[in-house]
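# Notes for the structure review
So you can see what is in the structure, the chains are spelled out below.
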Amino acid sequence: MRRQLAAILAIPTVLNGLAMLVAGPLWYQTVPGVPDTGPFNPHFVQDIGAAFLVAGLALAARAWRPRYWPAAVAGAGFLAAHGLIHLVLIVSGHAHNAAFDLLAVVLPSALALYSAFPNQGERYA
């Protein structure tokens, strides 16, 4: 089940990273809450887009081959740190779109971290 979950989460993560890299201004204007964070910075959006792309590819690698779970842990680590930042903003009352952040950032990042680690007996599969 963890590999299937990794595959499912890899798709939007890779697509998000590609959108940030290829169509940063459109991504910036259409994601809820993002325009509220300040002016568009193309370099910053591309840097974070690269991180999302790598995280998504790491989850995809985990889904493809169980032995690649360490790569998925690293990619999911980025997603979990990102989710934790959003969770702190929500708890502190500084989130612009708390419901969106919970559903689109925090929950998927927690699921990605769960999906990255191997099941019993899967470590060297």
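The text that follows walks through the structure, step by step, so that each part is easy to find.

Thresholds applied
Every chain is numbered independently, its residues counted from 1 as its sequence is written. In keeping with the predicted nature of the model, local features appear solely for residues at pLDDT of at least 70, side-chain atom pairs appear and are counted solely at 80 or more, and the whole-chain, interface and lining totals rest on all residues. Side-chain numbers come from the whole structure's heavy atoms, not from hydrogens or water. Ring pairs shown here join Phe, Tyr and Trp side chains whose ring centres sit within 6.5 Å, with only the six-membered ring taken for Trp; geometry is labelled stacked below 30 degrees between planes, edge-to-face above 60, and tilted in between. Runs of H or I in DSSP of at least four residues are treated as helices and runs of E of at least two as strands, each being numbered from the N terminus. Buried, partly exposed and exposed residues are distinguished by accessible area as a fraction of the type maximum, computed with a 1.4 Å probe on protein chains only: under 20%, between the cut-offs, and over 50%, respectively. Multiplying one less than the number of residues by 1.5 Å gives the expected span of a helix. Contacts are assigned to residue pairs with any non-hydrogen atoms lying within 4.5 Å of each other. Only buried residues count toward a nonpolar core, which is a set of Ala, Val, Leu, Ile, Met, Phe, Trp, Tyr and Cys residues joined through side-chain atoms within 4.5 Å.

### A word on the packing of aromatic side chains
Tallying each qualifying case throughout the model produces four aromatic pairs. Plain terms: the ring middles of Tyr-28 and Phe-40 are 5.3 Å apart, the flat faces sit at 65° to each other, and that makes the pair edge-to-face. Of the two residues, Tyr-28 sits in helix α2 (residues 24-30) while Phe-40 sits in the loop between α2 and α3 (42-64), which places them 12 residues apart along the sequence. Considering the side-chain rings of Trp-64 and Tyr-68, the 6.1 Å spacing of their centres and the 40° angle between planes classify their relative orientation as tilted. Residue classification places Trp-64 among the exposed positions, given a relative accessible area of 53%. Given the relative accessible area of 32%, Tyr-68 is considered partly exposed.

### Things to note about helix α4 (residues 69-91)
Between its terminal C-alpha atoms α4 stretches 31 Å, which fits the 33 Å expected from 23 residues at 1.5 Å a residue. Every buried residue of α4 is listed here: Trp-69, Ala-72, Gly-75, Ala-76, Leu-79, Gly-83, His-86 and Ile-90. For α4, the elements touching its buried residues are α1 (2-22), α3 and α5 (98-116). Where α4 ends, the next residue or the one after it, Gly-93, has phi of about 80°, a positive value.

### A look at the nonpolar core
In this structure, Trp-27, Leu-59, Leu-79 and Ala-112 are the most contacted members of the largest nonpolar core, which totals 19 residues. Those elements that place two or more of their residues in this core are α1, α2, α3, α4 and α5. With residues up to four places along the chain from it excluded, the contact list for Leu-59 reads Ala-6, Leu-9, Ala-10, Ala-72, Leu-79, Ala-112 and Ser-115.

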